[in-house]
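# Close look at the chain arrangement
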Amino acid sequence: MTALIIDGKQIALDTQIEIKRRVSALSARGVMPGLAVILVGDNPASHVYVSNKVKSCGAVGMHSVLEQYPADLSERQLLERIAALNSDAAIHGILVQLPLPAHINEHAVLEAISPTKDVDGFHLLNAGALMTGQPRLRACTPYGVMKMLEHSNIAMRGAHAVIVGASNIVGKPMAMMLLQAGATVTLCNSKTRDLAHHTKQADIVIAAVGRARMITGDMIRPGATVIDVGINRDEAGKLCGDVDFESVKSVAGAISPVPGGVGPMTITMLLMNTLEAAEKALLS
Ligand code: GUN
């Protein structure tokens, strides 16, 4: 059996058509959705991520600003910038790229962003809203994974979903979204004993650990859906996911590739969150 390839790039393009249409409708009413992206320091991967985010805003007709600061920016200076953006009517979404330099308290920064502009969905209020079944702004990567599953007609109600990786950015919000969709959820972490025992039971496996090709074909139940959230470089410097695509694709029923899977959807859901924040601002 060869798995269905879940083409995140195509789903992202289709979703961006809808976003563009809604951006035009808002513009006609005098509101241009705006995203502010803040990057502190010079992490090379973060540079690539933020420039992709800003570029994508342009592609759907949104306004964006990229603010770059040196690694020695103080926490107070960063909080002052966030406060200014919170009260800037031209900005509907604020994203502070993680990781931050060690001297800055990440939690303090994330809590300083207005929950209505928190397009990453990382604020306690948005995380809590998701957990209690009243989602507002949702974390972009798991939100994108849900769209990929829906778009590919993967049944979630009553399915067993096994998530590998329990981060605040992906694993935990992913668990909440799948639970809300009616799945039975197992959330594995770095201390989980006999990981393969868990993944082999899964109808849906979400790999979000950050270790190159660690999920192999022998860990997957035939016919299962496998979504790869990882972005790694292998020994040869080649971009790869957390899933060993070659061995898994002959076992799984459906699989998302890296690149061209979750990555484009994460950015697209950031655009969707910014659009939704702007639409809400018009109503309030
Ligand atoms: N660093 C890695 N992923 C993310 C993300 O989704 N949002 C932000 N702000 N930083 C990240």
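Before any of the text, the structure's been laid out above.
Here's a quick rundown of the structure. Keep in mind the model is a prediction, meaning the values are calculated, not measured. (Residues numbered from 1 in each chain as written. Predicted model: local features only at pLDDT ≥ 70, side-chain atom pairs only at ≥ 80, totals over all residues. Heavy atoms only, no water.)

### A closer look at the pairing of strand β8 (residues 225–228)
Both faces of β8 are covered, namely the face carrying T225 and I227 and the face carrying V226 and D228. Direction of pairing for strand β7 (residues 204–207) relative to β8: parallel, over a ladder of four bridges. Bridging from a neighbouring strand, A207 pairs with D228 of β8. Bridging between β8 and strand β11 (residues 254–255) involves two bridges; their strand directions are parallel. Pairing of V226 across the sheet is with I255, part of β11. (Buried < 20%, exposed > 50% of the residue type's maximum accessible area, 1.4 Å probe, protein only. Helix = DSSP H or I, 4+ residues; strand = E, 2+ residues; numbered from the N terminus. Pairing = 2+ DSSP bridges.)

### A word on unusual backbone geometry
Backbone torsion omega between L98 and P99 reads 5°, so that peptide bond is classified as cis. At the junction of V258 and P259, the peptide bond is cis and its omega measures out at 0° in the coordinates. Its identity as a non-glycine residue notwithstanding, N153 has a phi of 55°, on the positive side. With respect to the helices, strands and loops of the structure, N153 is situated in the loop between α6 (140–151) and β5 (160–164).

### Considering the pattern of salt bridges
One pass over the structure, following the stated rule, counts nine salt bridges. For R22, the salt bridge is made with E276, and the minimal N-O distance between the two is 3.9 Å. Remark: E276 occurs in helix α10 (residues 262–283) and R22 occurs in helix α1 (residues 8–28); sequence separation between them is 254 residues. Accessibility classification places R22 together with E276 in one group, the buried group. (Salt bridge = Lys/Arg side-chain N within 4 Å of Asp/Glu carboxyl O.)

### A look at the nonpolar core
Core analysis: the biggest nonpolar cluster contains 48 residues, and I19, M62, V145, L149, L178, I204 and I206 have the highest contact counts within it. Top element by residues in this core is α10. It accounts for eight residues. Setting aside its immediate chain neighbours within four residues, I204 contacts L149, I154, A155, M156, A159, H160, A161, V162 and T225. Within the second largest apolar cluster, 20 residues are counted, among which are V162, L195, M214 and I215. (Core = buried A, V, L, I, M, F, W, Y, C linked by side-chain atoms within 4.5 Å. Contact = heavy atoms within 4.5 Å.)

### Concerning the environment of Q201
Considering the arrangement of structural elements, one finds Q201 in the loop between α8 (195–199) and β7. Since its relative accessible area comes to 42%, Q201 is described here as partly exposed. For Q201 and I220, which are 19 residues apart along the polypeptide, the C-alpha to C-alpha distance reads 7.9 Å. In this structure Q201 touches H160 and R221, once residues within four positions along its chain are discounted.

Nothing here speaks to function; it is geometry throughout.
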